[in-house]
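# Geometric and topological summary
Now for the letters of each chain:
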Amino acid sequence: MRDIIRILIAPLVWLATFSAIYGLHGLLCGHGINGTAFGLPIERVLLGAAFLFAILLQTALLFALYHPSLAASSEFSRFVSRATGWVGLVATLWSLSPVVLTTYCV
Amino acid sequence: MLSTVDPAGPAAQTIATLWWVMLAGASLIFALVMVLLVLAFRRKNAGDDAGRVRAWIVGLGLVFPMTVLAALLAYGLIVGERLLPREGPDIVKVGAEGRLSAWTFTYEDAPSFSTDGTLHIPAGRPVDVAVTTADVIHSFWVPRLAGKLDAIPGRTNILRIEADEAGTYTGVSAEFSGTGYDSFTFYVIAHDAANWDAFLNGDFE
Amino acid sequence: MNALGRHRKLTAIWASEPGFKGWFSTVNHTDLGRMFLATAFFFFFIGGLLAMLIRAQLATPHSAFAGPDIYNQIFTMHGTIMMFLFAIPTFEGLAVYLLPKMLGTRDLAFPRLTAYGFWCYAFGGSMMLVSMVFGIAPDGGWFMYPPLSGAIHSPGINTDFWLIGITFVEISAIAAAVEITVSILKYRAPGMSLDKMPIFAWYALITALMILTGFPPLILGSILLEVERAFGFPFFQAELGGDSLLWQHLFWLFGHPEVYIIFLPAAGVISTVLPVMCRTPLLGYGWIVAAALALAFLSFGLWVHHMFTTGIPHMGLAFFSAASTLVAVPTGMQIFAWIGTMWKGRPELHLPMLHLLGFFFTFVIGGLTGVMVAVVPFDWQAHDTAFITAHLHYVLFGGFVFPIFAGIYYWMPHFTGRKRFFYLGEFAFALVFIGFHVTFLAMHWVGLLGQRRRISTYAPEDGWTAINLISSVGSFVLAIGIAMILIDVFLHALTASRGRRNPWRAGTLEWAMITPAPAYNFASLPHVTDRNPLTIEPDLAVQLAKGEGYLGTPRNTWRETLTVEVASGKPDMHVIYPANTRLPILMSAVTGIFFLSLLLKFYWTVPVAVVGVAILAWKWVWSIGRQDDMDTVPVGQDIHLPNFAMTDRPPGWWGSVFLLTANATLFGSLLFGFAFLWTVAPGWPPPDWFPPSVSALALGIIGAGLGPIAMRYATQKNRNGGTPLASLALTLAGAVLVAVACAAMMVHTPAPTRHAYAATLFVLGSYGLFHAALGILMVCFLIARVRCGFTSSARRAEFPIVRLWIDYLSVVSVLILVVAHLPGLMG
Ligand code: HEM
Ligand SMILES: [Cu+2]
């Protein structure tokens with residue numbers, strides 16, 4: 001069961017952050033808040049911060065999956081859990097990249 | 001008449017180009033896969049599994065698609081950005097309200113009247129259509145001018161269309177709406193500048 | 001005891017009742033798998049007939065074959081039948097039939113649940129057929145968008161058939177998914193650690209987990225829409241605070257994963273059959289497992305690509321466009337791993353291999369057009385046109401039907417123990433392949449020429465006539481091909497030439513038995529040391545028949561097996577299965593009465609049916625367990641295992657965990673819906689708010705805290721040999737408090753027909769009340785069990801199960817009460 005969790009955790013976290021950031025985007029556009037921070041519109045800053053947080057989270061998870069004291073015991077589970085760990089990180093970078101690439105509320 | 005590959009406006013043109021590029025790319029990839037598949041049947045010399053995993057799974061299965069897809073995604077996002085209804089000086093604003101089974105069009109420049117079944121626009125100028133519905137979901141689609149956009153109860157969606165030249169373009173409602181759906185069509189008439197002014201002044205047909 | 005004697009004895013223990021009567025009482029997975037498959041192919045046949053009608057209608061312009069009223073029913077039922085009554089049940093049938101055999105055990109985890117699921121499917125499917133016979137079938141398209149499917153625009157019973165019938169059928173999907181998950185995790189041959197599992201089991205496990213988390217949003221959506229239609233709760237009506245987009249989100253939150261739920265089992269078949277056809281092991285087992293997992297997860301983050309034209313801002317679309325392109329990577333990786341496998345081995349062109357080549361050709365095209373429609377601007381043009389119809393058939397037919405045909409031909413000798421005698425199958429394949437592409441290839445083009453999907457007719461001036469005619473001709477070739485395959489399969493079952501065992505020289509365990517398979521599968525269970533046990537030990541079947549494995553000596557009339565630890569495959573429990581019974585069919589009939597009453601609006605029979613289900617469920621659970629302690633059981637090879645009644649993690653606990661996973665997804669979707677409406681829907685704020693009350697909130701929270709604490713105390717007490725009755729009574733009191741708090745919440749909710757806010761609160765309250773009632777029932781059951789001597793300090797298995805449900809009740813009820821009371825209390 002532990003191994004199953006190791007295998008599932010990173011993509012699960014991706015799913016959660018992905019949905020949350022999509023929700024945040026909907027919320028910001030639906031309830032137009034105004035203002036700027038660091039010379040950027042506040043929407044962009046908030047979304048960017050969430051994106052950064054998601055990336056850090058995935059990096060931490062990946063780190064844990066490689067760490068001897070937290071990694072799975074069998075070779076197979078180690079392989080699969082690290083593979084899905086990479087999936088989590090790459091999926092986060094890839095699928096949330098529009099945060100820094102596209103217009104946000106049109 | 002309804003062909004997306006016979007574009008008559010910038011948005012439809014951009015998307016048609018996108019389609020031809022994707023078709024070319026897809027054909028190449030398809031050919032590659034089929035060749036690999038056929039080659040599997042010839043006599044081969046032995047190799048080791050580690051090498052195969054590197055070539056097939058990491059090379060062809062990971063690096064290759066990610067490269068192609070990254071390029072495609074970038075292309076798609078750029079095109080998408082270009083087609084958005086951004087603010088601008090020359091924009092004509094009209095409204096399209098769908099109801100089973102007809103469209104009613106209103107004009108910001110001529111608030112006093114509306115037209116049923118035919119939308120009038122000026123040629124060569126960007127037009128923002130505010131799409132709404134009075135009943136179920138519909139979709140506003142003039143294939144030769146631009147992509148489609150849904151009319152959702154309680155919401156107003158803005159679609160940017162533009163016709164390069166004066167003429168009549170056919171549109172359809174493109175979200176299934178029950179028995180009248182087959183014949184749920186409308187027309188867009190693009191006028192040259194003079195006719196457009198005449199239209200706004202109320203003297204047409 | 002010799003092999004024949006063992007066979008006779010085991011058959012006596014495991015066999016179903018003879019004759020057709022046996023169908024109604026069988027709980028055996030081999031029977032039920034066959035019944036699932038036969039029924040699913042029956043529906044495939046019906047769905048195919050409907051497809052022929054569609055193509056007949058569209059063959060020529062201005063067709064007068066069917067009017068739009070009928071035509072709308074035809075394509076809606078075609079899509080609905082193919083997705084819900086053919087594709088998913090085919091997976092269930094295949095998994096039910098194969099898994100225990102591949103995993104080296106004797107049955108699935110919950111045999112009676114398998115039967116219950118089958119009958120729910122059969123009854124629910126029949127309901128849909130009845131609606132078609134009477135010409136009142138659903139007609140809103142297979143995704144049933146409101147407001148078109150709401151009471152105003154679809155006043156007839158048609159839509160209710162869809163919402164209620166499909167929900168009924170979905171029970172079977174959830175039941176099968178729980179069953180398959182627990183079976184794969186626990187019911188394997190000793191020694192089969194996760195990395196030695198046959199690859200099909202990985203795919204089935206992932207698919208089952210996806211069903212558990214993918215179907216609940218649709219079940220919830222169907223419930224909400226049906227409640228809106230029946231009682232006027234405005235969840236999807238914009239004027240009253242609802243939002244039709246909520247339905248689209250819920251539907252596609254299910255609908256996109258659904259596509260992969262259909263594809264993944266097929267991929268499992270490919271990964272199993274292809275290596276055997278190429279006489280080599282699969283290339284990159286671990287990579288494929290990881291790719292399938294990645295696919296499963298990514299597929300939950302794609303749903304908005306079905307909503308690219310609904311006016312969501314570009315960044316929102318871009319997230320889903322990006323995720324949709326990304327999902328092509330693990331898919332492509334599997335394709336290349338398979339082709340790499342072919343390069344590694346020596347592919348032989350047997351009939352299953354032909355279908356696999358058909359798969360490659362077709363599915364790659366479908367995948368490529370899929371990537372195209374993932375690009376937002378292109379989808380703005382292609383959405384809702386024939387291009388999409390073509391794309392989805394390339395994916396579904398290529399990615400499901402071809403692989404399943406390959407699988408059918410591959411396992412046919414296993415189903416029947418016979419071999420094919422004629423080249424009918426090859427000929428049929430050619431017709432299917434050619435017919436398919438003639439039907440659908442040019443349909444992409446006609447879509448780009450502006451032909452919308454779901455239109456019943458078009459004009460000659462549209463310029464679509466030639467392509468449509470060609471397509472229709474192709475579809476008839478395709479139909480003939482499919483008919484020939486069905487005939488071939490039929491002949492196959494009738495011809496007398498017996499085949500030899502393991503005709504493909506495959507390595508997986510399902511071939512280590514006589515065929516057709518005996519009711520007990522294996523006379524003794526193997527010890528697994530390799531992913532392909534038959535490759536390293538070709539004589540395994542004989543050794544097992546001789547009783548050289550585990551559990552080789554039949555005991556009493558017990559249907560015995562054992563379970564293993566999830567990761568390592570070390571044996572950990574001894575299991576005695578229930579025997580043949582009519583309880584499942586009876587219970588699904590009563591469940592059917594429940595759904596029928598809702599459909600026909602005979603509301604007074606609803607409570608009767610609910611009580612009926614509760615009584616039967618009580619009987620169901622009561623009949624397992626024992627009134628005396630049992631020593632550890634010798635299972636062979638000097639291993640002794642405790643019976644599951646004397647463990648902390650019995651099969652029922654595992655089943656509950658996964659059932660609650662599905663349940664929690666449903667609850668999560670409900671909370672998501674509430675948040676969505678609150679923040680995004682037009683028509684807010686509501687006219688009146690819920691009147692919060694500190695005391696009601698406090699009451700509920702106290703109850704929610706009391707239950708789990710008292711339940712833990714009861715478990716402890718029982719473990720130490722004391723009597724847990726007092727603590728159980730306290731648990732009961734906790735559940736009652738929660739019930740009172742939820743009921744009070746429902747009473748004080750403003751009129752739910754006036755605004756979606758109140759409507760959602762009302763549903764949340766009833767969800768809490770329902771679970772409180774369930775908790776009360778379970779605790780009462782446990783009290784009765786304790787008093788009748790079914791528990792002891794050793795026989796403790798039932799406590800953790802009830803504890804799980806009580807814990808769940810606490811979590812959801814606190815959330816529900818907080819959601820209702822807190823906003824008002826905060827001002
Ligand atoms: C046996 C050969 C088949 C043929 C000739 C066929 C034909 C068609 C046609 C022509 C339509 C489009 C009607 C329209 O919207 O204009 C359609 C719709 C559809 N088909 Fe098939 N089909 C076949 C098999 C399948 C299979 C195997 C599946 C799924 C496993 C499937 C799933 C669907 C779905 C989901 C729709 C959409 C229904 C809707 O729009 O509500 N079809 N089919
Ligand atoms: Cu999808």
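Residues numbered from 1 in each chain as written. Chains lettered and ligands numbered in written order. Predicted model: local features only at pLDDT ≥ 70, side-chain atom pairs only at ≥ 80, totals over all residues. Heavy atoms only, no water.

### Considering the site of ligand 1
Residue and element names in this part refer to chain C. Around ligand 1 sit 21 residues in total, of which His78, Trp142, His393, Arg453 and Arg454 are the nearest. Contacts to ligand 1 include Arg454, whose side-chain N or O atom sits 2.8 Å from an oxygen atom. Of all the elements in the fold, those that place two or more residues in the shell around ligand 1 are helix H3 (29-58), helix H4 (68-103) and helix H14 (386-416). Examining the composition of the shell around ligand 1, we find that six residues originate from one element, H4, more than from any other. Tallied by class, residues from the shell around ligand 1 come to 13 nonpolar, five polar and three charged. (Near = heavy atom within 4 Å. Polar contact = N/O pair within 3.5 Å; in protein donor to acceptor, adjacent residues only side chain to side chain. Helix = DSSP H or I, 4+ residues; strand = E, 2+ residues; numbered from the N terminus. Nonpolar A, V, L, I, M, F, W, Y, C, P; charged D, E, K, R; others polar.)

### Concerning the coordination of the copper ion (ligand 2)
Residues and elements named next belong to chain C. Around the copper ion (ligand 2), the protein contributes the donor atoms His256 (ND1), His305 (NE2) and His306 (NE2), at 1.7 to 2.0 Å from the metal centre. On the primary sequence, the residues serving as donors to the copper ion (ligand 2) are separated as H-x48-H-H. Taken together, the residues span a long stretch of sequence, with His256 in helix H8 (residues 244-277) and His306 in the loop between helix H9 (285-298) and helix H10 (314-326) at a distance of 50 residues. Residue class for His256 comes out buried when judged on its relative accessible area of 6%. (Donors = N, O, S within 2.8 Å, 3.2 Å for Na, K, Ca; no water. Buried < 20%, exposed > 50% of the residue type's maximum accessible area, 1.4 Å probe, protein only.)

### Observations concerning the interface of chain A and chain C
Each partner contributes to the interface: chain A provides 35 residues, whereas chain C provides 34 residues. Buried surface at the junction of chain A and chain C, both sides included, amounts to about 2,900 Å², of which 86% is carbon and sulfur. Sorting the residues of chain A by area buried against chain C places Met1(A), Tyr22(A) and Phe76(A) first, and these three jointly supply 23% of that buried surface. For the interface between chain A and chain C, the tally reads zero salt bridges. At the boundary of chain A with chain C, the tally comes to two residue pairs in polar contact (both at pLDDT 80 or more). At the level of secondary structure, the elements contributing two or more residues to the side of chain A that touches chain C comprise helix H1 (2-30), helix H2 (42-66), helix H3 (75-95) and helix H4 (98-101) of chain A. (Contact = heavy atoms within 4.5 Å. Buried area = accessible area lost by both parts, 1.4 Å probe. Salt bridge = Lys/Arg side-chain N within 4 Å of Asp/Glu carboxyl O.)

### Focus: the coordination of the iron atom of ligand 1
Residue and element names in this part refer to chain C. Taken together, the protein ligands of the iron atom of ligand 1 are His78 (NE2) and His393 (NE2), with distances of 1.9 to 2.0 Å. Seen from the iron atom of ligand 1, its six donor atoms lie at angles of 87 to 180 degrees, and the figure they make is octahedral. With His78 in helix H4 and His393 in helix H14, the pair connects residues that are 315 residues apart, well separated along the chain. (Tetrahedral: all angles 85-135°; square planar, octahedral: opposite > 155°, others 65-115°.)

### A short note on the pairing of strand E4 (residues 118-122) of chain B
Residue and element names in this part refer to chain B. Burial of E4 is extensive: five of the five residues sit out of reach of the surface. What you see with E4 is no split at all: Thr118, His120 and Pro122 on one side and Leu119 and Ile121 on the other are buried throughout. As defined by bridge partners, E4 adjoins strand E10 (residues 185-191) across five bridges and the pair is classed as parallel. For Ile121, the partnering residue across the bridge sits in E10 and is Ala190. (Pairing = 2+ DSSP bridges.)

### Topic: the sheet that holds strand E2 (residues 102-107) of chain B
Residues and elements named next belong to chain B. Across the sheet, which stays open at both edges, the five strands sit in the order E3-E2-E1-E5-E8 with mixed pairing between neighbours. The sheet is open, and its two edges are formed by strand E3 (114-116) and strand E8 (157-161), each paired on a single side. For this sheet, the mean angle separating the axes of adjacent strands, direction not counted, is 25 degrees. Pairing of strand E5 (residues 127-133) with E8, which is carried by five bridges, proceeds in the antiparallel orientation. By the bridge assignment for E8, Val131 is matched with Asn157. (Axes fitted to C-alpha atoms, helices over the stretch in contact; angles between N-to-C directions.)

Geometry only, nothing functional implied.
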